[in-house]
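Residue strings, one per chain:
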Amino acid sequence: MEIKKKILIIEDDSLTLLVLKNLLSNRNFDVIALNDGRNYKEKMNEVVAVIIDCGLPFNSGEDIAIEIKNSYPNIKIILTSVSSLEKLKPETKKIMNGFIGKPYNSEKIDNLFTLIF
């Protein structure tokens, strides 16, 4: 039996979170979904990739991404935002494996799977 790769999604928009969760689950990933980044550390066991919205409540998605990369250097980090890639902090750009702008379309979603693996 194939072991599913575990992906953590941190996204505050419930519809976007549901769409991403369903798309990844349908492609045979084990998905953990959080609507904010406050408790992400409890969910990191065996996670291979994290998709993080930059505009989260409580914590900056960029700050969470940097924290994760510092603690788990092999995890792939994909950031998503309605803002442009150029608005990200330089240190965030260095640690991320990819960026997906919102709103999503089929091309961006296909690109997401390429970025993860």
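Use the structure listed above.
Residues numbered from 1 in each chain as written. Predicted model: local features only at pLDDT ≥ 70, side-chain atom pairs only at ≥ 80, totals over all residues. Heavy atoms only, no water.

Draft legend 1. Just the overall build of the chain, in detail. Secondary structure summary: the chain contains four helices and five strands in total. For the chain, the C-alpha radius of gyration of 13 Å lies close to 13 Å, the compact-globule estimate for 117 residues. Counting across all 117 residues of the chain, residues that qualify as buried make up 45%. For the chain, long-range pairs separated by at least 24 residues make up 58% of all intrachain contacts whose partners lie at least 6 apart in sequence. A total of about 6600 Å² of accessible surface is found on the chain, and carbon and sulfur atoms cover 48% of it. Across the chain, the 16 positively charged side chains and the 16 negatively charged ones have centroids separated by 3 Å. (Helix = DSSP H or I, 4+ residues; strand = E, 2+ residues; numbered from the N terminus. Rg over C-alpha atoms; globule rule 2.2 N^0.38 Å. Buried < 20%, exposed > 50% of the residue type's maximum accessible area, 1.4 Å probe, protein only. Contact = heavy atoms within 4.5 Å. Areas by Shrake-Rupley, 256 points an atom, 1.4 Å probe, with all protein chains shown as cover. Lys, Arg positive; Asp, Glu negative; His and termini not counted. Charge placed at Lys NZ, Arg CZ, Asp CG, Glu CD.)

Draft legend 2. Expanded view of the side chain of Asp36. In this structure, Asp36 sits in the loop between strand E2 (30-34) and strand E3 (47-53). One polar contact links the side chain of Asp36 to the main-chain amide nitrogen of Arg38, over a distance of 2.9 Å. (Polar contact = N/O pair within 3.5 Å; in protein donor to acceptor, adjacent residues only side chain to side chain.)

Draft legend 3. Representation of unusual backbone geometry. The omega torsion across Lys102 and Pro103 is 0°, close enough to zero to call that bond cis. Within the element layout of this structure, Pro103 appears in the loop between strand E5 (98-101) and helix H4 (106-116). Even without being a glycine, Glu46 presents a positive backbone phi close to 70°. Structurally, Glu46 is set in the loop between E2 and E3. Accessibility expressed as a relative area gives 58% for Glu46, which makes it exposed. We note that Phe58 has phi near 75°; this positive angle belongs to a residue other than glycine.

Draft legend 4. View of the nonpolar core. Formed by 22 residues in total, the largest nonpolar core has its most connected members in Leu8, Ile10, Val50, Ile52, Ile68, Ile77 and Leu79. Elements represented by at least two residues in this core include exactly strand E1 (6-10), E2, E3, helix H2 (61-71) and strand E4 (76-81). Residues in contact with Leu79, not counting those within four places in the same chain, are Ile52, Cys54, Gly61, Ala65, Leu88, Thr92, Met96, Gly98, Phe99 and Ile100. Ranked by size, the runner-up nonpolar core spans 16 residues in total, among them Ile7, Ile9, Leu17 and Ile78. (Core = buried A, V, L, I, M, F, W, Y, C linked by side-chain atoms within 4.5 Å.)

Draft legend 5. Quick look at the pairing of E4. Summarising burial for E4: five of the six residues are buried, a large majority. Bridge analysis of E3 against E4 gives five bridges, and the strand direction is parallel. Across the sheet, the residue bridging to Ile52 is Leu79, located in E4. As a crossover connection, the stretch from E3 through H2 into E4 is right-handed. Sheet topology places E4 next to E5; four bridges connect them, and they run parallel. The partner of Ser81 across the bridge, within E5, is Gly101. Of the crossover connections in this fold, the one passing from E4 over helix H3 (residues 90-95) to the parallel E5 is right-handed. (Pairing = 2+ DSSP bridges. Right-handed = clockwise from strand over helix to strand, strands pointing away.)

Geometric descriptors of this kind do not, in isolation, establish any biological role.
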